[in-house]
Amino acid sequence: MNKKSRPLSKLRHWQNSSCSVRFFICLALFMCTTHSQTPDTTVSDTSVLQKTTPAVTDSVRYQSDIIEYDALQKEFYLIGDAQVRYLNIVLQADTIVYTTDSDQFRAKGRPRLIEGRDTTIGEYMVYNIRTRRGRVQHATTRFDDAWFSGGQVIKGEDTELYVDHGDYTSCAYVEKPHYMFVGEKIKVIPDDKIIGRPVVFTIADAPVAVLPYFIFPLDRSRRSGWLTPVWGGSPGRGGYVDNIGYYFAPSDYVDFLLSSKIQEFNYFVVNAQSQYSLRYILNGKISARYVLDEDILSSRQVWSVDYNHNQMLTPDGATRLSGRGSLVSQSDFYKQFSEDSDEIQEQNLTANMSLSHRFSKINASANMVWNRTHNLLTDRIQEDLPSVDFRLPSRPLFPAAEDKEEPSWYNKIYYSYNARATVRRDVYGNDSLPGFIRPGVTNAFDLSSPQTIFRHFTINPTFSSRASTFYGAIDTTVIDSFFSYDTVQYETDNIANDNRYSTYEIERIDSSTFVDEYGDIDTTYIITKLSPPKTHYVRDTLDQFYTVGSWQAGVNASTNIYGLFPLRLFNLTGIRHTLTPTIGYHYIPEQELDKSFFSVGIPYTSARDRQQLIRVNMANQFQGRRLVKTGEDGSDTREEKFNILTAGLSTSYNFEEERRRWSDLNFNASTSYRFLNVRFNSNFWIYDESDQLSAPIAKDYTVRVSTGNLGVRGTLWDGDLLFLDSVNHHDPVKYANAGPQEWSISINPSFSYTNSRRTPGDPFVPSKQYNLNASAGIKFSRAWSLNWNGAYNFVTDQFVRNSFVIRADLECWEMSFSWRPEKLNPGYHFRVNLKKIPDIKWEQRG
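Below is a summary of the structure that appears in this document.

**A look at the overall build of the protein**
Here is step 1: Each helix and strand counted, the protein has four helices and 52 strands in total.
Here is step 2: The burial tally for the protein puts 37% of its 846 residues in the buried class.
Here is step 3: Sequence-distant contacts, at least 24 apart, represent 47% of the contacts inside the protein between residues at least 6 apart.
Here is step 4: Roughly 48,200 Å² of accessible area belongs to the protein as shown, and the carbon and sulfur atoms make up 55% of that amount.

**As for empty space enclosed by the protein**
A probe matching the size of a water molecule, rolled over the atoms, marks out where space remains unfilled.
Here is step 1: Going through the model one piece at a time under the given rule, you end up with three cavities of 30 Å³ or more.
Here is step 2: Considered as a void within the structure, the second largest cavity measures approximately 100 Å³ in volume.
Here is step 3: Elements represented by at least two residues in the lining of the second largest cavity include exactly strand 14 (179-189), strand 15 (193-203) and strand 17 (214-217).
Here is step 4: Class assignment of the residues belonging to the lining of the second largest cavity gives a composition of nine nonpolar, two polar and no charged.

**What about the state of the cysteines?**
Here is step 1: In total, this model carries one disulfide according to the counting rule given.
Here is step 2: In this model, Cys-171 is linked to Cys-812 through a disulfide, with the two sulfur atoms separated by 2.3 Å. Linking Cys-171 and Cys-812, the disulfide has an S-S dihedral of approximately 50° and is accordingly described as right-handed. In this pair, Cys-171 sits in the loop between strand 13 (161-169) and strand 14 while Cys-812 sits in the loop between strand 49 (798-810) and strand 50 (813-820), placing the two residues 641 residues apart along the sequence.

**So, the packing of aromatic side chains**
Within a pair of aromatic rings, the relevant descriptors are the distance that separates the centres and the angle that separates the planes.
Here is step 1: One pass over the structure, following the stated rule, counts 38 aromatic pairs.
Here is step 2: Aromatic pair Tyr-653 and Trp-662: ring centres 5.0 Å apart, planes at 65°, arrangement edge-to-face.
Here is step 3: Here Tyr-653 falls in the buried class, since its relative accessible area comes to 18%.
Here is step 4: Each residue in the set Tyr-168, Tyr-179, Phe-181, Phe-201 and Trp-813 is aromatic and connected to the rest through ring pairs, giving one cluster.
Here is step 5: When the ring centre of Phe-642 is taken as origin, the NZ or CZ atom of Arg-626, which lies over that ring, is 4.3 Å away.

**Focus: the pattern of salt bridges**
Here is step 1: For the coordinates displayed, the defined rule picks out 22 salt bridges.
Here is step 2: Across the salt bridge formed by Glu-383 and Arg-372, the nearest N and O atoms sit 3.8 Å from each other. Taken as a pair, Glu-383 in strand 28 (residues 380-396) and Arg-372 in strand 27 (residues 364-375) lie far apart in primary sequence, 11 residues in all. Each member of the pair, Glu-383 together with Arg-372, is buried.
Here is step 3: With a closest N to O distance of 2.5 Å, Arg-425 and Glu-383 form a salt bridge. Residue Arg-425 is located in strand 29 (residues 414-428), and its partner Glu-383 is located in strand 28; the two are separated by 42 residues in the primary sequence.
Here is step 4: Its relative accessible area of 25% is what places Arg-425 among the partly exposed residues.

**Here we look at the pairing of strand 15**
Here is step 1: Bridging between strand 14 and strand 15 involves 10 bridges; their strand directions are antiparallel. Each bridged residue has a counterpart across the sheet, and for Ile-186 the counterpart in strand 15 is Gly-196.
Here is step 2: Counting the residues between successive antiparallel strands, the hairpin from strand 14 to strand 15 contains three residues, one of them, Asp-191, with a positive phi of roughly 60°.
Here is step 3: Linking strand 15 to strand 16 (residues 206-211), which pair antiparallel, is a turn of two residues; within it Ala-204 sits at a positive phi near 60°.

**A closer look at the pairing of strand 10 (residues 124-128)**
Here is step 1: The element strand 10 is extensively covered by neighbouring structure, given that four of its five residues are classed as buried.
Here is step 2: For strand 7 (residues 104-108) and strand 10, the ladder comprises five bridges, and the chain directions are antiparallel. Bridging from a neighbouring strand, Lys-108 pairs with Tyr-124 of strand 10.
Here is step 3: Of the strand pairs in this sheet, strand 10 and strand 11 (residues 133-143) are connected by five bridges, and their pairing is antiparallel. In the strand pairing of strand 11, Val-126 is matched with Arg-135.
Here is step 4: Connecting the antiparallel pair strand 10 and strand 11 is a turn made up of four residues, with Arg-132 showing a positive phi of about 60°.

**As for a negative patch on the surface**
Here is step 1: Taken together, the side chains of Glu-590, Glu-592, Asp-609, Glu-657 and Glu-658 make up a negatively charged region of the molecular surface.
Here is step 2: Its location among the elements puts Glu-592 in the loop between strand 38 (572-588) and strand 39 (595-596).

**Structural notes on the nonpolar core**
Here is step 1: Val-84, Leu-91, Ile-96, Phe-105, Tyr-168, Tyr-179 and Phe-181 are the most contacted members of the largest nonpolar core, which totals 49 residues.
Here is step 2: One finds Phe-470, Ala-473, Phe-598 and Val-600 within the second-largest nonpolar core, a separate group that totals 11 residues.

Calculation notes
Residues numbered from 1 in each chain as written. Predicted model: local features only at pLDDT ≥ 70, side-chain atom pairs only at ≥ 80, totals over all residues. Heavy atoms only, no water. Helix = DSSP H or I, 4+ residues; strand = E, 2+ residues; numbered from the N terminus. Buried < 20%, exposed > 50% of the residue type's maximum accessible area, 1.4 Å probe, protein only. Contact = heavy atoms within 4.5 Å. Areas by Shrake-Rupley, 256 points an atom, 1.4 Å probe, with all protein chains shown as cover. 1 Å grid on protein atoms, 1.4 Å probe; cavity = no way out; pocket = protein on both sides within 12 Å on 5 of 7 lines; lining within 4 Å. Points joined across faces, edges and corners; volume = space filled by probe spheres on them. Nonpolar A, V, L, I, M, F, W, Y, C, P; charged D, E, K, R; others polar. Disulfide = S-S within 2.5 Å. Phe/Tyr/Trp six-rings, centres within 6.5 Å; stacked < 30°, edge-to-face > 60°. Lys NZ or Arg CZ within 6 Å of the ring centre and 35° of its normal. Salt bridge = Lys/Arg side-chain N within 4 Å of Asp/Glu carboxyl O. Pairing = 2+ DSSP bridges. Patch = residues over 30% accessible without salt bridge, like charges linked within 9 Å, V, L, I, M, F, W, Y side chains within 5 Å. Lys, Arg positive; Asp, Glu negative; His and termini not counted. Charge placed at Lys NZ, Arg CZ, Asp CG, Glu CD. Core = buried A, V, L, I, M, F, W, Y, C linked by side-chain atoms within 4.5 Å.

Written as structure tokens, this is what we have:
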């Protein structure tokens, strides 16, 4: 009974076998007597029979304490510890009668039939090795890791089993199972299904449900069929019925799933899902949910879509279509209709689809991208309809000949080109603010020529240019001679006072009166606090094409200076310091622009004064060298280097500034050791409040500390701590996995601290972020475990995520209980189900 069952697919191999059989008879009585009996004093005998028949081909091996042969009936009598072997079939019993003409065995006295991994036992058994048919009375058979018992079990020609007045269970304790299905007529079709009618489901000895007809699938592969409905409920949402639907698998490459959920007195959800895969060509998945709420007659559309798609459009992989994302019809969809904590916590949804092509001959690429971002907090939707990009990476303007060993200086002139065009849609789903649909195009061209002089210095002249074209602009000039107000933006609630004029203050901004044909704000009124109040009109949208161009040029010079410190400490052999000073001159011409443009993802240069900059940067890198033992015995060593510290200092000088020509001084540094990463960034004023040069004055600084995933694990005891499942603690089957039980703890902390101030005389204002992601688990026994997972924000002093899960392996059952004591998505979920038939379960949500 403890032998493992073999895969059902191999049963078909027996059914289709067809050859001849030869029997070698080792008993002389077979040739010279009609009936002979071996004396009772014979202890054992073993023989091999070979015979030619139309359906059997192989040796039949048998053994027993006593062997008798009836030549008239052509029957062998195997008495006492009898055993017959044929291929992978083993028949064991106290007595076996074998009829050679019909290849039929009759066994009694604890007969046991072993076919691969399947085992059948009973009181009386008849089996024909030629037809593969058999009958067992008062039988128990192990089949597909489960047990069947019945008054009679008949095995058909196609390896089907027919059970009369039988029961089915997957529990290892057949004598007293935790559950079983009792049926008057049961039919088992290998690799397909079990059919029973009528069927009574019992737990222990108590009947729980009566079903007139029951089908249990054995085929674990994808196949079409109706889904098994589940039901449950929670105090907050009431009862529900879920998983009502059908699964359709027309081929090995695609499937479809249609299911639904009915929530009591609330809503009806229809789920549609499809997966597809064609090796080396495409794969993906798409799922959608459509909700009908209690107001069915309303015209409101409530839905969500999730998708993932990857497809090679050309055999060489140069052209492909790919994308993934999530879409919802309303910003609170997940909060209303989802029970997934990750979905409920989602604040931004992204979706995209990209058609890309790689031009291998010219080493360039082109992309056509639809991209969408939905802010669920503000209900703002931004999407490109679509955007088109073309990229020509940096390459020599004058390529060197292939046979040329050393390139000339002009072979080191490099250029690159990038172009982008897009149509941007920016709207608010709740119509709280007007939106827009605007196009834009940009072209960028860059030149550089890094040259090495005197072997140690690098001179790199650069030139960059950009031209951007927009349809529609926002005029930033107020049509009034009193003042020029150039900080009006599209979002008028962000307008700041113009500090160039202290004689007025803005009283209010009104832009709700005039809207153009595109739904954009057309005219904004700025009412200033004057006596009497004065109204200024700002023309926001100018519907025509505008092109803005800009350029800048410069030259950088850099070198590397190395320093070695032969410091020997433990396995440390030395420290190397690399200093990289860089100085550059950059010319940025004046840009006159009295307009701003809609944010469509196209960069442009706004109005600015002319700049002539000297930029200075000092980069430092400290590296160490250490000896590492190698070889199996550690006798050999090798030297390796590792990073200790990276630091940088930078500033710039603007010749065009009238005051404060030096910019703020920036200092940054970073270091890491194993799992610990530390970053520091700071800025300093080098002018005092009277605009005089001074020693650096701290403006702000930020410290960030992070680690990777830190985990430890181990064992606490040698056996099971809890005996909640130890009713039969002496049973070796039940405690096959007993032994040292494990525990584990994992944490991932991150810390950020910032101090900043607006002027040297102001106090510092601190700001900090401290998050901790952690998980822990412990196994009390081979069956019971407890796991915790959480994320805590120390600034807001609350759990972002917090969940406990208890799991239990109850031999043929499994149980799980999850509890979420958190503010965002509190609740619990309790579930108990059969391991063999997961759809038979009881669950409760709250």
